Amino acid sequence: MRGLYICNMSKKFVTDSGIEIKRIYEPVERPVEEPGKFPFTRGIHSEMYRSKLWTMRQYAGFSTAEESNKRYHYLLSQGVSGLSVAFDLPTQIGYDSDHDLAEGEVGKVGVAIDSLEDMEILFRGINLEEVSTSMTINSTGFILLALYVALAKKKNADLKKISGTIQNDILKEYAARGTYIYPPKPSMKIITDIFEYCNTEVPKWNTISISGYHIREAGSTAVQEVAFTLANGKAYCQAAIKKGLDINQFGQRLSFFFNAHNNFFEEIAKFRAARRMWAKISQELGATDMRAQMLRFHTQTGGSTLTAQQPKNNIARVTIQALAAVLGGTQSLHTNGNDEALSLPTEEAAKIALRTQQIIAYESEVVDTVDPLAGSYFIESLTDEIEAAAWKYIQRIDEMGGSVAAIEQGFMQTEIANASYKYQRAVENKERIIVGVNQFIEQESAHTDLLRVDDSIRKVQADKLKKLREKRNNDAVVACLKNIKNAAREDKNLMPYVIEAVENYATLGEIADSLREIYGEYHG
C-alpha cells in the first residue's frame, strides 16, 4: 500500500488543456465582481436564472421538412422553449437535393431545405413571433436567413418581433469543420451584409453565433476553444467596423456557441474566462455600451464525447456537461441524445435529453443563486489560468495578422490537430479512461430502434423541385439571380436581393451557384 501511495503522490494531475491541478488551493486576493457588470465574469445578468431560465433548445432536423415539422411540434409539446434546426450536408454547402453531389446525403444529418416551399412546411403551425429559432448554418446562412424572413412576411409576422440566431461563422469552417463555399474575403463580406441588414430590419435577430463548438469537436483543448473563438469574434467585429458599422449596435446581436465536455470544473471556468475576455476585447474595439460588451452564449453538450459502446452511459455524460454549462452561466442549452453516436436521435432519446435540462432547472436548485461556485479557490484560480493561456494564443494570432491570416497559414488547424492526436494517444494508452471504451468493457448485442433516413428521401425532394420549377415564374427567378450577381459585382448588400429571389422561389442551390460564378470556390 505504501508503494501505491507514493506512486499516486508523484502523479501529475492536469486538466484537458494541460493546466496542472494542485492538491489544494488557497485564498487569493482578487477584486469583488458583481454579476451583470463589466467584466461579467459572474454572468451577464444581475439575477441570472432567478429571473429567467436559460432557453431549452433541442437540435433537430432530419429527412424532409414534413418529418422535421412533426419532431418540432413534439418537442414544443414537451416544453422546449426554442427550436434549433439541423440542416443536411447539401443544404450546408449550397447544393439542391437533385444535384449530383447531393447523392447519398439528402436528409441524413439534418433536414433538406431547397426552397421557400420547404421552409413553409418546416414551420407549419408554428408562430414565429413566439418561438426563438436557431439555425446551424454557415456558408449558406444568408440564404436560410432570407428564407426565414420571407416566411415571416408570408405569415404576416412582425420582423421587429421575430428572434433567433444563424450560426453564420465561416472562419471556424476553414479552421475546423469544412462546410465552406466561397473564399474568406467574400465570405466575410456576406457576414457583414447580414449584420447591416438585420441591424435595421430584424433587430432582435442574433446575426452570428461565433462557434467554439466545432473547434472543440475537431479535437481542440478548452483553452484553444476559447482563444480561437474569441479571435474569430474579434475578426468579425473588425470587418464590421471597417464597413462603417457601429459596434455598440451590432455588438448587441453577437452571440457565441460553446461546447461542454466532461472535465467539469475546467468547463465552468472556461465559460467564466470567456465572458471576462470578451468584455475586454469588445471594449478595446470601441464598445462603450454594456450590452455590446456582454458575451451571450449557447451551449451544446459534447457530441465527440458520446460513445457507441454502452450508449446509456451517455445520459450521465450529458448530465455532467449540462450542469457545467448551467453553473457556467449559459443563455441557452442543447443536450444531446444518448444514441447520437449511433444515429440521429430517436424521439425517446431527445425526450430524455430535454428532461435532463428540466430536472437541472426545476429540481437541483442550482439556479437559485447567481454564479454559485464563485469564490471557490479552485474555480477562481482555474478561470485565471484559462484566461492567461488563451490570451497567449490570441497574442500569437494577432502577431500573424488576425484570424484570417492565422487560418490561411494553417496555424489553428495545426494546433487543433496536435491536440486531437495527443488526446487520442492518451485514450489508446489508457492514460485517459473512457468508460465502456478502454475500460469496463462488456459484450454488447446489436443496437435496435435507431433512427435511419432512407436514401429514397432524395427522390422525394427531387420530385418536389421538379414540380416547383414547373409552376413558379422562371423569368422572375432568372431576373432575381441576375440581380444577385450584379449586386455582388458592385459590392452592394446582398440580403435584399436574396430575399427577393427566395420570395420568387429561387432555390438555395441556384442562389449559391450564382455567387459561385462571381466569388469562385475556396479549396483550402
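Student: Would you mind going over the overall build of the chain with me for this structure?
Tutor: Each helix and strand in the chain was counted, giving 21 helices and nine strands. With the C-alpha coordinates aligned to their principal axes, the bounding extent of the chain is approximately 85 × 60 × 45 Å. Scored against the burial criterion, the 524 residues of the chain give a buried share of 57%. Sequence-distant contacts, at least 24 apart, represent 78% of the contacts inside the chain between residues at least 6 apart. Accessible surface, the chain as shown: approximately 22,300 Å² in total, 50% of it carbon and sulfur. Of note, the chain has its 61 positive side-chain charges centred 2 Å away from the centre of its 68 negative side-chain charges.

Student: Even after reading the chapter, I still don't get the nonpolar core, so can you show me in this structure?
Tutor: Across soluble globular proteins, nonpolar side chains have a tendency to be buried as a group. Met119, Phe123, Met135, Phe142 and Ile511 are the most contacted members of the largest nonpolar core, which has 131 residues in total. By residue number, the principal contributor to this core is helix 5 (residues 141-154), which donates eleven residues. Those residues in contact with methionine 119 that lie beyond four places of it in its chain are Ile113, Met135, Leu144, Leu147, Tyr148 and Leu151.

Student: Quick question: what am I supposed to make of the packing of aromatic side chains here?
Tutor: For any pair of aromatic rings, geometry is given as the distance between the ring centres together with the angle between the planes. Under the counting rule described, the total for this entry stands at 22 aromatic pairs. Judged by centre distance (5.4 Å) and plane angle (85°), the ring pair of phenylalanine 123 and tyrosine 148 falls under edge-to-face. Linking phenylalanine 123 in the loop between helix 4 (116-122) and strand 3 (132-136) with tyrosine 148 in helix 5, this pair joins segments that are 25 residues apart in sequence. Exposure remark for tyrosine 148: the relative accessible area of 0% places this residue in the buried category. Each ring, one from phenylalanine 271 and one from phenylalanine 297, has its centre 5.0 Å from the other, and the planes form 20°; the classification is stacked. In this pair, phenylalanine 271 is assigned in helix 11 (residues 264-284) and phenylalanine 297 in strand 8 (residues 297-301), connecting sequence segments 26 residues apart.

Student: In this structure, what is going on with the environment of arginine 432? I would like to understand it.
Tutor: Within the fold, arginine 432 resides in the loop between helix 17 (411-428) and helix 18 (457-471). On the basis of relative accessible area, arginine 432 is assigned to the partly exposed category, the value being 27%. Each C-alpha atom of the pair arginine 432 and aspartate 16 lies 10.0 Å from the other, and the pair is 416 residues apart in sequence. The residues touching arginine 432, leaving out its near neighbours within four places in the chain, are Asp16, Tyr423, Ala426, Val427 and Asn438.

Student: Sorry if this is basic, but what is going on with the environment of isoleucine 190 here?
Tutor: Tracing the backbone shows isoleucine 190 in helix 7 (residues 184-201). Sequence spacing of isoleucine 190 and methionine 495 is 305 residues, and the spatial spacing of their C-alpha atoms is 8.5 Å. Beyond its immediate chain neighbours, meaning those up to four positions away, isoleucine 190 contacts Phe142, Tyr182, Leu494 and Tyr519.

Student: Would you take a moment to explain the packing of helix 11 against helix 15 (residues 377-400) for this structure?
Tutor: Describing two packed helices takes the angle between their axes plus the distance from one axis to the other. Interhelical geometry of helix 11 versus helix 15 gives an angle of 55° and a closest axis separation of 8 Å. Compared by their axis directions, helix 11 and helix 15 come out oblique. Once helix 11 is placed against helix 15, the crossing between them reads as right-handed. Contact residues: helix 11 offers Phe265, Glu266, Ile268, Ala269, Lys270, Arg272, Ala273, Arg276, Met277, Lys280 and Ile281, while helix 15 offers Phe378, Ile379, Glu380, Leu382, Thr383, Asp384, Ile386, Glu387, Ala390, Trp391 and Ile394. Grouping the amino acids of the contact of helix 11 with helix 15 by side-chain chemistry returns 13 nonpolar, one polar and eight charged.

Student: Help me out: how do you make sense of empty space enclosed by the protein in this one?
Tutor: Remark: the empty space left among the atoms is shown by a probe the size of a water molecule rolled over them. Applying the stated rule across the entire model yields four cavities of 30 Å³ or more. Approximately 80 Å³ is the volume attributed to the largest cavity. As for the largest cavity, its lining consists of 14 residues, of which Met48, Tyr49, Val326, Gly329 and Asp371 are closest to the centre. When the residues that make up the lining of the largest cavity are grouped by side-chain class, the tally is seven nonpolar, four polar and three charged. Here the second largest cavity is characterised by a volume of approximately 60 Å³. As for the second largest cavity, its lining consists of Asn138, Ser139, Phe142, Asn168, Ile170, Tyr182, Ser187, Ile190, Ile191 and Ile194. When residues of the lining of the second largest cavity are assigned to their parent elements, the largest contribution, four residues, is made by helix 7.

Student: Explain the layout of surface pockets here, please?
Tutor: Counted as a void, the largest pocket has a volume near 1,400 Å³. Taken together, 43 residues make up the lining of the largest pocket; nearest its centre are Thr15, Asp16, Tyr423, Ala426 and Arg432. Mapped onto the lining of the largest pocket, the elements with two or more residues apiece are helix 8 (213-217), helix 9 (222-242), helix 15 and helix 17. With nine residues, helix 17 is the single largest residue contributor to the lining of the largest pocket. Roughly 880 Å³ of internal volume is contained in the second largest pocket. Where the lining of the second largest pocket is concerned, the elements lending two or more residues are strand 1 (55-60), strand 3, strand 4 (164-166), strand 7 (254-260), strand 8 and strand 9 (332-334). Split by residue class, the lining of the second largest pocket holds ten nonpolar, 22 polar and seven charged.

Basis of the calculations
- Residues numbered from 1 in each chain as written.
- Predicted model: local features only at pLDDT ≥ 70, side-chain atom pairs only at ≥ 80, totals over all residues.
- Heavy atoms only, no water.
- Helix = DSSP H or I, 4+ residues; strand = E, 2+ residues; numbered from the N terminus.
- Buried < 20%, exposed > 50% of the residue type's maximum accessible area, 1.4 Å probe, protein only.
- Contact = heavy atoms within 4.5 Å.
- Areas by Shrake-Rupley, 256 points an atom, 1.4 Å probe, with all protein chains shown as cover.
- Lys, Arg positive; Asp, Glu negative; His and termini not counted.
- Charge placed at Lys NZ, Arg CZ, Asp CG, Glu CD.
- Core = buried A, V, L, I, M, F, W, Y, C linked by side-chain atoms within 4.5 Å.
- Phe/Tyr/Trp six-rings, centres within 6.5 Å; stacked < 30°, edge-to-face > 60°.
- Axes fitted to C-alpha atoms, helices over the stretch in contact; angles between N-to-C directions.
- Parallel < 35°, antiparallel > 145°, perpendicular 65-115°, else oblique.
- Left-handed = near helix turned anticlockwise from the far one by under 90°.
- Nonpolar A, V, L, I, M, F, W, Y, C, P; charged D, E, K, R; others polar.
- 1 Å grid on protein atoms, 1.4 Å probe; cavity = no way out; pocket = protein on both sides within 12 Å on 5 of 7 lines; lining within 4 Å.
- Points joined across faces, edges and corners; volume = space filled by probe spheres on them.

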